[in-house]
Amino acid sequence: MSYIIINRSNFFHNLSLISKQIGGIEKLFVVLKDNAYGHGLEEMAKLSHEFGAKRCAVKTVKEALITQKYLPYTLILSDIPKERLNNIGITINHLSSIKKIPSDSLVELKVDTGMHRNGIKLDELELALKLIKDRKLILKGVFTHFRSADELTSEYFWQRENFKEVKKRVKDICKRENLLQPYFHSHNSAAIFRNSNFDEDFARSGISIYGYHYLNPPLQNPPLKPVLSLWAEKLSQRELKKGQRVGYGGVFESKKDMIISTYDTGYGDGLFRYDGLGDLKAANGKPILGRISMDSFALEGDDDQVCVFDDATHFAEYFNTITYEIITNLSKDIRRVIR
Ligand SMILES: *Cc1c(COP(=O)(O)O)cnc(C)c1O
């Protein structure tokens, strides 16, 4: 069966680079949402703990109940539990969600500073803090998200200025209302590596802990290392005579007699469906022959196992998408092995 290898030392390498950039692992939320970007939630929570991480961010309550076993604090980004949970913070994405959160819960308030996706508006801060107090929720943090930290435009700076104003207002309101001061965070992977003078309480890193970066030149990308590699095992082997075709549609036609093998991974496991018409290659540089099927693909040769990719960049570029999508799409059912 196909499997995923998680490279522990690459993961730790990335975590140390990021920690250095922000001033310590204690300041990092490792973002483990969506099955740790396809890497395996439990495995990555365990490794994060081993490295010394204290905090993570996930999408759902279900994910938080797993990370809770490994890390002292989990922030849920977009789900609300039915009852109060220990060591778990809940994101307020909209004013209307405040009344749905169980009382005494830890909460973090998301503020919209320009992305216009989730979060409350600047002029709703006063009301939000009042509702939080009335509902007896405990405000731990206030945060925002950048819409284009990876691009060389001024937008990152514009949103940072907006967030400065948010901090000032929140601090004033908390002082006036006798509330505990929350902590603040805004930086995702791209923003972390844009800012050499990081001065916030925490940062949230997703894609860069997994070894990918997205700064557009001339912004400098850090030497991160991909953590995940996808491996497939041989299902069958045959000789393909010159002129014979392989797979659905017979898209690939052999120009010579050749040995080919099929391997047990396909779009049913989360690979994108390659139509066999381009130049998509496995990690060993050999072209994938014909279409990718639901559960298999073909390559020249007779290796018992092949690495489909150990760096998702080639697949992302081929499919005109981002590495995030290629890795997050990998099925939860594939076995994860830590090495
Ligand atoms: C996914 C997510 C992140 C991580 O973003 P990366 O670009 O992967 O570092 C950070 N913050 C929030 C709110 C997110 O939803």
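The structure this text deals with has already been given above.
An account of the accompanying structure is given in this report. (Residues numbered from 1 in each chain as written. Predicted model: local features only at pLDDT ≥ 70, side-chain atom pairs only at ≥ 80, totals over all residues. Heavy atoms only, no water.)

## Concerning the site of the ligand
Moving on, step 1. Around the ligand sit 13 residues in total, of which K33, Y37, S189, R204 and Y324 are the nearest.
Moving on, step 2. A distance of 2.9 Å separates an oxygen atom of the ligand from a polar atom in the backbone of G206.
Moving on, step 3. At 2.6 Å from an oxygen atom of the ligand is found a side-chain nitrogen or oxygen belonging to Y324.
Moving on, step 4. Residue assignment for the shell around the ligand shows that the elements contributing at least two residues are α2 (33-37) and β9 (203-205).
Moving on, step 5. Its residues assigned to classes, the shell around the ligand comprises 5 nonpolar, 5 polar and 3 charged. (Near = heavy atom within 4 Å. Polar contact = N/O pair within 3.5 Å; in protein donor to acceptor, adjacent residues only side chain to side chain. Helix = DSSP H or I, 4+ residues; strand = E, 2+ residues; numbered from the N terminus. Nonpolar A, V, L, I, M, F, W, Y, C, P; charged D, E, K, R; others polar.)

## Considering the packing of helix α1 (residues 8-22) against helix α3 (residues 41-51)
Moving on, step 1. Where α1 contacts α3, the two axes come as close as 11 Å, and the packing angle between them is 55°. Between α1 and α3, the angle falls in the class oblique. At the point where α1 passes α3, the crossing takes the right-handed sense. Together, R8, F11, F12, L15, S16 and S19 of α1 and M44, L47, S48, E50 and F51 of α3 make up the contact between the two elements.
Moving on, step 2. Of the residues in the contact of α1 with α3, the class split is 6 nonpolar, 3 polar and 2 charged. (Axes fitted to C-alpha atoms, helices over the stretch in contact; angles between N-to-C directions. Parallel < 35°, antiparallel > 145°, perpendicular 65-115°, else oblique. Left-handed = near helix turned anticlockwise from the far one by under 90°. Contact = heavy atoms within 4.5 Å.)

## Focus: the packing of aromatic side chains
Ring pairs (aromatic) are described by centroid distance and by the angle formed between their planes.
Moving on, step 1. Counted according to the given criterion, the structure contains 17 aromatic pairs.
Moving on, step 2. Judged by centre distance (5.6 Å) and plane angle (80°), the ring pair of F29 and F202 falls under edge-to-face. Here the residue F29 occupies a position in strand β2 (residues 28-31), and F202 occupies one in the loop between α7 (189-192) and β9, the gap between them amounting to 173 residues.
Moving on, step 3. For F29, a relative accessible area of 0% translates into the label buried.
Moving on, step 4. Among the aromatic residues, those joined into a cluster by ring pairs are F272, Y274, F309, F315, Y318 and F319.
Moving on, step 5. We note K140 situated over the ring of Y73; from NZ or CZ to the ring centre the distance is 5.4 Å. (Phe/Tyr/Trp six-rings, centres within 6.5 Å; stacked < 30°, edge-to-face > 60°. Buried < 20%, exposed > 50% of the residue type's maximum accessible area, 1.4 Å probe, protein only. Lys NZ or Arg CZ within 6 Å of the ring centre and 35° of its normal.)

## A closer look at the pairing of strand β7 (residues 138-143)
Moving on, step 1. Two strands pair when backbone bridges link them, and strand β6 (residues 106-110) and β7 are joined in this way by 5 bridges, in the parallel orientation. Counterpart to L106 in the pairing with β7 is I138.
Moving on, step 2. A crossover links β6 with its parallel partner β7, the connecting element being helix α5 (residues 125-134), and its sense is right-handed.
Moving on, step 3. Where β7 lies against strand β8 (residues 183-185), 3 bridges are found, and the strand directions are parallel. Among the inter-strand pairings, V142 is bridged to a residue of β8, identified as F184.
Moving on, step 4. A crossover connection joins β7 to the parallel β8 through helix α6 (residues 155-177); in handedness this β-α-β unit is right-handed. (Pairing = 2+ DSSP bridges. Right-handed = clockwise from strand over helix to strand, strands pointing away.)

## Section: the side chain of S189
Moving on, step 1. Summarising the element assignment, S189 is placed in helix α7.
Moving on, step 2. A polar side-chain atom of S189 sits 3.4 Å from the main-chain amide nitrogen of G206.
Moving on, step 3. Once residues lying within four places of it in the same chain are set aside, the contact partners of S189 are R204, S205, G206, I207 and S208.

## Description of the pattern of salt bridges
Moving on, step 1. Scanning the entire structure with this criterion turns up 16 salt bridges.
Moving on, step 2. With its nearest N and O atoms 3.1 Å apart, the salt bridge here joins E50 to R8. Pair noted here: E50 is in helix α3 and R8 is in helix α1, with a separation of 42 residues, a long-range link.
Moving on, step 3. By relative accessible area, E50 is classed as partly exposed at 46%.
Moving on, step 4. Judged by relative accessible area, which is 30%, R8 ranks as partly exposed.
Moving on, step 5. A salt bridge links E300 to K256; the nearest nitrogen and oxygen atoms lie 3.2 Å apart. Taken together, the residues span a long stretch of sequence, with E300 in strand β14 (residues 297-300) and K256 in the loop between β12 (252-253) and β13 (258-263) at a distance of 44 residues.
Moving on, step 6. Assessed through its relative accessible area of 41%, K256 is described here as partly exposed.
Moving on, step 7. Bridged by salt links that share partners, the residues E126, K133, R176 and E177 form one connected network. (Salt bridge = Lys/Arg side-chain N within 4 Å of Asp/Glu carboxyl O.)

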